[in-house]
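# Notes for the structure review
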Amino acid sequence: MKINTKFNKKLLAILSLAALANVAPLAPNDGLASNLALVEAQASNETNASDIEAIKQSMIEATPITEDQFGQISEDAWVAYVEQGNNQGGDPSAVYDWAIEDYPEVFEPEATNFRTAMVENYNLDEESLNTVSDRDLLWLEYQIWMAAGGQEDLSALADALVEEHGVEYNQDDNERVEALKETMLASTPLTDDQFEAIPATSWLEYSDRVNEGGGDPSTVYNWAVEDYPEVFEDTIAYIRGTLVSDYNLNEESLNTVSDIDLLWLEYSVWVDAGNTEDFETLAQRLIDEHDVIQDDDEESPGDERLEAIKQSMIDATPLTDDQFEAIPATSWLEYSDRVNEGGGDPSTVYNWAVEDYPEVFEDTIAYIRGTLVSDYNLNEESLNSVSDIDLLWLEYSVWVEAGNTEDFETLAQRLIEEHDVIQDDEETPGETELERIRTVMIESTPITPDQFEAIPATTWISYTEQINEEGGDPSTAYNWALRDYPEVFEDTIAYIRGELINRYNLEEASLNERVSDQELLWEEYTVWLQNGEENLEALSQVLVQEYGVRTTSTQVPDEDEENTAPTLPNTGETRTSYSTYIMIAIVGLVGAALLLRDYFVNNKEA
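Procedures and definitions
- Residues numbered from 1 in each chain as written.
- Predicted model: local features only at pLDDT ≥ 70, side-chain atom pairs only at ≥ 80, totals over all residues.
- Heavy atoms only, no water.
- Helix = DSSP H or I, 4+ residues; strand = E, 2+ residues; numbered from the N terminus.
- Buried < 20%, exposed > 50% of the residue type's maximum accessible area, 1.4 Å probe, protein only.
- Contact = heavy atoms within 4.5 Å.
- Areas by Shrake-Rupley, 256 points an atom, 1.4 Å probe, with all protein chains shown as cover.
- Phe/Tyr/Trp six-rings, centres within 6.5 Å; stacked < 30°, edge-to-face > 60°.
- Lys NZ or Arg CZ within 6 Å of the ring centre and 35° of its normal.
- Salt bridge = Lys/Arg side-chain N within 4 Å of Asp/Glu carboxyl O.
- Core = buried A, V, L, I, M, F, W, Y, C linked by side-chain atoms within 4.5 Å.
- Expected span 1.5 Å × (residues − 1).
- Polar contact = N/O pair within 3.5 Å; in protein donor to acceptor, adjacent residues only side chain to side chain.
- pLDDT = per-residue confidence, 0-100.
- Patch = residues over 30% accessible without salt bridge, like charges linked within 9 Å, V, L, I, M, F, W, Y side chains within 5 Å.
- Lys, Arg positive; Asp, Glu negative; His and termini not counted.
- Charge placed at Lys NZ, Arg CZ, Asp CG, Glu CD.
- Axes fitted to C-alpha atoms, helices over the stretch in contact; angles between N-to-C directions.
- Parallel < 35°, antiparallel > 145°, perpendicular 65-115°, else oblique.
- Nonpolar A, V, L, I, M, F, W, Y, C, P; charged D, E, K, R; others polar.

### Things to note about the overall build of the protein chain
Along the protein chain, the regular secondary structure elements total 37 helices and 0 strands. Here the protein chain, with 606 residues, has 44% of them falling under the buried criterion. Within the protein chain, contacts between residues separated by at least 24 positions form 68% of all contacts whose residues are at least 6 apart in sequence. In the form shown here, the protein chain has an accessible surface area of approximately 31,200 Å², with 44% of it arising from carbon and sulfur atoms.

Shown next as structure tokens:
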């Protein structure tokens with residue numbers, strides 16, 4: 001058998017370089033150099049043992065192949081691989097892959113060992129694992145072997161099989177991970193995204209360690225922080241930035257506290273505060289326990305700057321106090337520095353804030369779009385062609401021109417002229433439709449005009465369309481409103497609960513425990529329909545009988561007191577007798593349904 005000595009020398013050089021480049025930190029192979037010299041010295045026309053030995057040593061050092069596996073493949077095959085590598089510019093990884101592909105039986109026992117380890121020790125589902133071929137499994141193991149410096153890393157292999165090949169864990173392990181996730185999110189400051197960023201195998205390992213050696217969620221949290229510091233980088237930056245800008249800690253002094261110590265202390269404070277942030281206590285403990293110093297000024301320069309920025313932004317842009325507070329102080333200070341260095345004004349800063357924190361402006365955007373569609377007849381689909389940022393920027397421009405106040409009429413006109421937004425054909429169908437819904441809801445449910453107006457027009461129109469398609473009546477829309485906008489009914493809920501407790505002797509703890517806000521309003525609505533007016537005495541009886549709410553006594557208010565129409569909290573409205581609703585009470589939901597159905601039919605015909 002002849003061997004191409006020139007190519008063999010080239011292969012050895014390739015193998016040597018590849019081993020150094022791809023399997024760091026392996027040391028250079030002095031023996032390989034000796035083999036190379038030997039091959040050069042023995043350039044002959046016949047294959048000799050030292051040539052094959054040189055290839056074998058290079059492959060064993062540069063790939064996971066074993067001596068036994070190498071010996072099961074013929075010398076002719078290795079020489080052919082050498083020739084192929086010379087022609088194609090291959091390296092040891094290519095030769096290893098060719099060998100796996102051509103001689104699967106040689107590597108089958110090793111693949112089987114890996115599969116067994118994955119199932120028995122790393123709890124991968126066997127059926128799911130079998131979807132990965134032996135060749136893919138061995139190639140993945142080789143890549144991990146190289147990344148680990150020429151060492152086997154079965155834990156990393158299990159993670160890679162799950163993440164890259166979709167192999168699933170045994171059902172028991174999936175349930176364990178979910179249970180651990182629920183515990184960690186409830187018991188530590190860990191977020192959902194942070195949990196998902198850490199491999200499931202690590203969480204299972206942490207769980208096993210706690211079960212064997214003792215510990216609790218705080219132990220697991222500490223391990224996660226130590227093992228995966230990169231997962232917590234954003235949290236650390238937020239904590240440090242807030243402590244410096246809002247609590248006057250000296251940045252250089254704070255930097256002497258390690259990230260792990262900072263996160264661990266923040267967790268301790270979080271627990272003491274009832275599972276919530278408490279930066280004031282955290283700052284004080286850093287001063288007391290870690291000798292972190294504060295800046296000399298009694299009041300933080302960051303606080304003064306931030307207050308000045310806030311005042312300027314609220315005066316000069318449509319930004320609200322809540323929106324300003326929802327954006328980190330460090331971002332406002334950074335924006336201020338950029339303006340000071342590169343030029344700009346509050347409008348520049350406002351635009352940066354809109355671009356960087358779109359979620360802060362979601363409610364404003366929904367309000368603007370809803371108003372333009374319902375009250376100014378802009379076509380919704382056409383309006384959606386305008387991006388949120390462009391819409392807010394144009395609204396800001398109009399706001400400035402109008403003397404720092406809203407001007408939807410001008411905004412609608414500019415969207416038509418500058419962004420080609422079209423109007424619907426009818427004059428103001430949105431407004432007319434909304435008025436009809438408003439009339440039906442106020443006449444058919446206990447909702448007040450103020451409560452109706454507090455819910456976006458687009459929501460009422462959406463409810464109407466859904467009822468039109470799926471069936472329903474005003475009670476359906478009212479129930480959805482209770483579900484989707486509980487804050488709108490807070491005053492009413494407080495009023496009803498107060499009356500039931502103070503005048504009708506329901507036990508407060510029992511009422512709060514057994515009856516949710518939505519159930520309370522729904523039962524109040526049912527009683528309202530049956531009586532044609534508010535009747536809290538009847539409501540109290542329903543809650544006692546059907547919900548098991550306890551009473552403190554059997555005393556019933558005087559008749560005169562019962563007939564008094566009390567004032568609703570904070571609204572100035574009174575609940576009237578609703579005498580005009582007696583007919584509705586008689587026909588119940590049927591009459592209400594007919595009323596809304598009549599509207600739907602007319603709306604369809606229109």
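Read on for the rest.
### Some points on the packing of aromatic side chains
To describe a pair of aromatic rings, one takes the distance between the centres and the angle between the planes. A full pass over the atoms with the stated rule returns 32 aromatic pairs. Plain terms: the ring middles of Y350 and F361 are 6.1 Å apart, the flat faces sit at 90 degrees to each other, and that makes the pair edge-to-face. You can see Y350 sitting in helix α22 (residues 346-356) and its partner F361 sitting in the loop between α22 and α23 (362-376), a full 11 residues away along the chain. In this pair, the class of Y350 matches that of F361, namely buried. These aromatic residues form a ring-pair network of at least three members: Y96, F107, W139, Y142 and W145. Over the ring of W223 we find R209; its NZ or CZ atom is 3.8 Å from the centre of that ring. A cation sits over an aromatic face here: R338 above W352, 3.9 Å from the ring centre.

### What to know about unusual backbone geometry
Backbone geometry at N248 places phi at a positive 65 degrees, although glycine is not the residue there. Locating N248 in the fold gives a position in the loop between α15 (233-247) and α16 (251-254). Residue class for N248 comes out buried when judged on its relative accessible area of 5%. Even without a glycine there, the phi angle at N275 is positive, about 65 degrees.

### Focus on the side chain of S510
Within the secondary structure, S510 is located in helix α32 (residues 508-514). Setting aside residues no more than four positions away along its own chain, S510 makes contact with G548, V549 and R550.

### A word on the pattern of salt bridges
Counted by the stated rule, this structure contains 24 salt bridges. Of the charged contacts in the structure, one is a salt bridge between K310 and E325, with a shortest N-O distance of 2.8 Å. Here K310 is found in helix α19 (residues 301-316), whereas its partner E325 is found in helix α20 (residues 321-326), with 15 residues between them in sequence. The class of K310 is buried, set by a relative accessible area of 12%. Members of the salt-bridge network, linked through shared partners, are E53, K56 and E67.

### A look at the nonpolar core
Generally speaking, nonpolar side chains in soluble globular proteins are found buried as a group. Membership of the largest hydrophobic core comes to 75 residues, with the highest contact counts inside it found for L161, W203, F232, L243 and L286. The biggest single contributor to this core is helix α9 (residues 134-147), with 7 residues. Those residues in contact with L161 that lie beyond four places of it in its chain are M118, L124, L129, V132, L137, L140, G166 and V167. Counting residues in hydrophobic clusters, the runner-up holds 40 residues, among them I467, W480, L506 and V515.

### Thoughts on helix α29 (residues 457-470)
When the terminal C-alpha atoms of α29 are compared, their 20 Å separation across 14 residues agrees well with the 20 Å that a helix rising 1.5 Å per residue should span. Among the residues making up α29, those that are buried are A457, T459, W460, I461, Y463, T464 and I467. Within two residues after α29, G471 carries a phi angle of roughly 95 degrees, on the positive side.

### Comments concerning the side chain of S331
Here S331 shows up in helix α21 (residues 329-342). For S331, a relative accessible area of 10% translates into the label buried. There is a polar contact of 2.5 Å between the side chain of S331 and the side chain of Y357.

### Quick word on α9
Owing to its 3.6 residues per turn, the α-helix aligns residues three or four sequence positions apart on the same side. Along its 14 residues, α9 runs 20 Å from first to last C-alpha, staying within 8% of the 20 Å computed at 1.5 Å per residue. Residues L137, L138, L140, E141, Y142, I144, W145 and M146 constitute the buried set of α9. Just beyond α9, the residue with positive phi is G149, at close to 75 degrees.

### Description of the confidence of the model for the protein chain
Interpretation of this model should avoid reading the predicted coordinates in detail wherever pLDDT is low. Per-chain confidence: the protein chain averages 80 in pLDDT, with 80% of residues scoring 70 or above. At the level of individual helices and strands, the protein chain shows its lowest average pLDDT in helix α2 (residues 30-41), which scores 34, and its highest in helix α28 (residues 449-454), which scores 93. Throughout residues 426-430 the model reports pLDDT below 50, and contacts reaching past four residues in sequence, or to other chains, amount to 7 contacts.

### A look at a negative patch on the surface
On the surface, a cluster of negative charge is contributed by E380, E381, E465, E469 and E470. Of all the secondary structure elements, the ones that give two or more residues to the negative patch are α24 (380-383) and α29. No other element matches α29, which puts 3 residues into the negative patch. One can find E465 in helix α29.

### A word on the packing of helix α6 (residues 92-102) against helix α7 (residues 104-120)
Put simply, α6 and α7 touch, their axes get as near as 6 Å, and they point 95 degrees apart. The angle between the axes of α6 and α7 places the two elements in the roughly perpendicular class. In this structure, α6 contributes Y96, A99, I100, E101 and D102 to the contact, and α7 contributes P104, F107 and E110. In terms of residue class, the contact of α6 with α7 is built from 5 nonpolar, no polar and 3 charged.

### Overview of the environment of T320
Note on placement: T320 falls in the loop between α19 and α20. The spacing of T320 and T364 is 44 residues in sequence and 10.0 Å in space, taken between C-alpha atoms.

### Let's talk about the environment of R115
Counting through the fold element by element, R115 comes out in helix α7. Residues R115 and N130, 15 residues apart in the sequence, show an inter-C-alpha distance of 8.4 Å. Non-local contacts of R115, meaning those with residues more than four positions away in its chain, are made with L129, N130, V132, S133, D134 and L137.

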